[in-house]
Amino acid sequence: MWGHLGLLEKHFRWLHHEAGAAPVKVEMPALSPTMEEGNIVKWLKKEGEAVAAGDALCEIETDKAVVTMESNDDGVLAKILMEEGSRAVRLGTLIALMVEEGEDWKTVEIPPQVAAAGTPAPQSPVAPSLPAAPAAPTPPSPRAASTGLLRLSPAARHILDTHGLDPQLATPTGHRGIITKEDALNLLKKFPDSKMAPVQSAPAQRPMATAAPLPPGSRPMYPPQSIPGKPGAPGTFSEIPASNVRRVIAQRLTQSKTTIPHAYASVDCNLGAVIQLRKEMAKAEIKVSVNDFIIKAAAATLRELPEVNVTWSEEGPQTLDSISISIAVATEKGLITPIITNAADKGVQEISANAKALAQKARDGKLLPHEYQGGSFSISNLGMFGITGFSAVINPPQACILAVGTSRAVLHLTKETGALCTQQLMTVTLSSDGRLVDDELASRFLDKFRANLEWPQRMALA
């Protein structure tokens, strides 16, 4: 009996080996509320390496920052499906496969949809038969019969020329019939081999080479291609790949300016008291910036006027319980707004320490989701660049953003003595959502903010 059991066990192991190890799927997760796709920056585990739950698997660039993705399971990383540098990977896309501990990771089963997606590349031996089969390029023939001047984007032209594809076979989807980069890539998928038959007829079928000259003063039908290493001719351009952060910034700015009724109000603040207080604190080796006082003054004002500490949702206005200030930080990948939480309950020195740490993490791309998600009020300071005043775009769903300019020396005539004295004035502009903060409320906010900044003793500094 024991002999029969041993044979059954061996047979089971042989069948299990033939079938392959069952995979544990690793998919692209949502690492921020607004994330729709991500870029694989770096894999921190190699194929065949053991992984424990909570271990860092890879670094993913989201729409906000570079975030470390942790494993939810124990096992072995068997197959990396999305290599480092993969861009625009949609949420839920399979990026790797794991197997359970004790399984042979080399025999992991590849899901059918992944295997099917990877089959076109190794089919190059079949490609030589394409020239002998004239019927192969017939599917796009309805487009090939079109007449007139072809219009291609520079990226599409480069792809088609590199792979020797006839642009007449592409299906244009761009504005006014322009063949876009995506159209060229779709055609390349149909003909993965660059030595396909339509290449021979491509030079004769491109009417753009023999197009009639354009009338004086008219625009060309397609933009000329800029050649790397050579001076750009008038009208040429080069495509710049947009990062996830840039794309999300563009979406949110467009959303803000098209859906939020912006109202603007400005006021000048005297920084004399703040400058004097900073000097006194510096003697005690406490280093804080004017921006730290601005953050504190805004938080204190929001506590005095809680009706400004609101956000707009689909259901309407929502009053927030906590006062968290979003500070705009410029990074190489774009603008990001880390949050100083509970700013009204913190002193200037603690706010300063928080702001410095968050700004450094933002520039290094190491902000955690909870460090930039949320916030009830934003501050954008361009004073260090010498900007005297500007209007900022509201960060939805917040109600307001405060734009801060540089300080400037202004001569002032005192009422008491009639003598001239110098004041350090700073212009701040409040952009407010007219649905939540009307002009009267915005004026009261600026009046109290100026009072807090010009008389910092009234704020809780400790």
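- Named according to an unreviewed UniProt entry, the protein chain is Dihydrolipoamide acetyltransferase component of pyruvate dehydrogenase complex originating from Esox lucius.

1. Topic: the sheet that holds strand S4 (residues 56-61)
Here is step 1 of the chain: Reading across the sheet, the 4 strands line up as S5-S4-S2-S7 and stay open at both edges, with antiparallel pairing between neighbours. Edge strands, defined here as strands with exactly one partner in the open sheet, are strand S5 (66-70) and strand S7 (89-90).
Here is step 2 of the chain: Summarising the sheet, strand S2 (residues 37-43) and S7 pair through 2 bridges and their orientation is antiparallel. Directly across from Gly38, in S7, lies its bridge partner Val89.
Here is step 3 of the chain: Across the sheet, helix H7 (residues 244-259) lies against S2 and S4, angled at about 160° from S2, the strand it touches most.

2. Here's the deal with a negative patch on the surface
Here is step 1 of the chain: Residues Asp73, Asp74, Glu100 and Glu101 make up a contiguous surface patch of negative charge.
Here is step 2 of the chain: Mapped onto the elements, Asp74 comes out in the loop between S5 and strand S6 (75-80).
Here is step 3 of the chain: By relative accessible area, which is 44% here, Asp74 ends up partly exposed.

3. A word on the UniProt feature "domain: Peripheral subunit-binding (PSBD)" (unreviewed entry) in the protein chain
Here is step 1 of the chain: The sites that carry the UniProt feature "domain: Peripheral subunit-binding (PSBD)" (unreviewed entry) are, in the present numbering, residues 151-188.
Here is step 2 of the chain: Annotation note: span residues 151-188, helix share 47%, strand share 0%, distance between end C-alpha atoms 18 Å.

4. Concerning the packing of helix H9 (residues 290-304) against helix H10 (residues 348-364)
Here is step 1 of the chain: For the pair H9 and H10, the least separation of the axes is 9 Å and the interaxial angle reads 115°. One finds that H9 runs roughly perpendicular with respect to H10. The element H9 and its partner H10 pack so that their crossing is right-handed. Within the contact between the two elements, H9 uses Asp292, Phe293, Ile295 and Lys296 and H10 uses Val348, Ile351, Ser352 and Ala355.
Here is step 2 of the chain: Its residues assigned to classes, the contact of H9 with H10 comprises 5 nonpolar, 1 polar and 2 charged.

5. Quick notes on the nonpolar core
Here is step 1 of the chain: Ranked by size, the top nonpolar core spans 71 residues in total, and within it Ile325, Phe377, Leu402, Phe449 and Leu453 carry the most contacts.
Here is step 2 of the chain: Take this core: its biggest share by element is 8 residues, from H9.
Here is step 3 of the chain: Looking at this core, you find at least three residues from each of domain 1 (19-99) and domain 2 (260-460).
Here is step 4 of the chain: Phe449 has contacts with Cys269, Ile294, Ala297, Ala298, Thr301, Leu402 and Val428, leaving out every residue within four places of it along the chain.

Criteria and thresholds
Residues numbered from 1 in each chain as written. Predicted model: local features only at pLDDT ≥ 70, side-chain atom pairs only at ≥ 80, totals over all residues. Heavy atoms only, no water. Pairing = 2+ DSSP bridges. Helix = DSSP H or I, 4+ residues; strand = E, 2+ residues; numbered from the N terminus. Contact = heavy atoms within 4.5 Å. Axes fitted to C-alpha atoms, helices over the stretch in contact; angles between N-to-C directions. Patch = residues over 30% accessible without salt bridge, like charges linked within 9 Å, V, L, I, M, F, W, Y side chains within 5 Å. Areas by Shrake-Rupley, 256 points an atom, 1.4 Å probe, with all protein chains shown as cover. Salt bridge = Lys/Arg side-chain N within 4 Å of Asp/Glu carboxyl O. Lys, Arg positive; Asp, Glu negative; His and termini not counted. Charge placed at Lys NZ, Arg CZ, Asp CG, Glu CD. Buried < 20%, exposed > 50% of the residue type's maximum accessible area, 1.4 Å probe, protein only. UniProt positions renumbered as here; feature names shortened; annotations may be inferred. Parallel < 35°, antiparallel > 145°, perpendicular 65-115°, else oblique. Left-handed = near helix turned anticlockwise from the far one by under 90°. Nonpolar A, V, L, I, M, F, W, Y, C, P; charged D, E, K, R; others polar. Core = buried A, V, L, I, M, F, W, Y, C linked by side-chain atoms within 4.5 Å. Domains from an automatic or database assignment.

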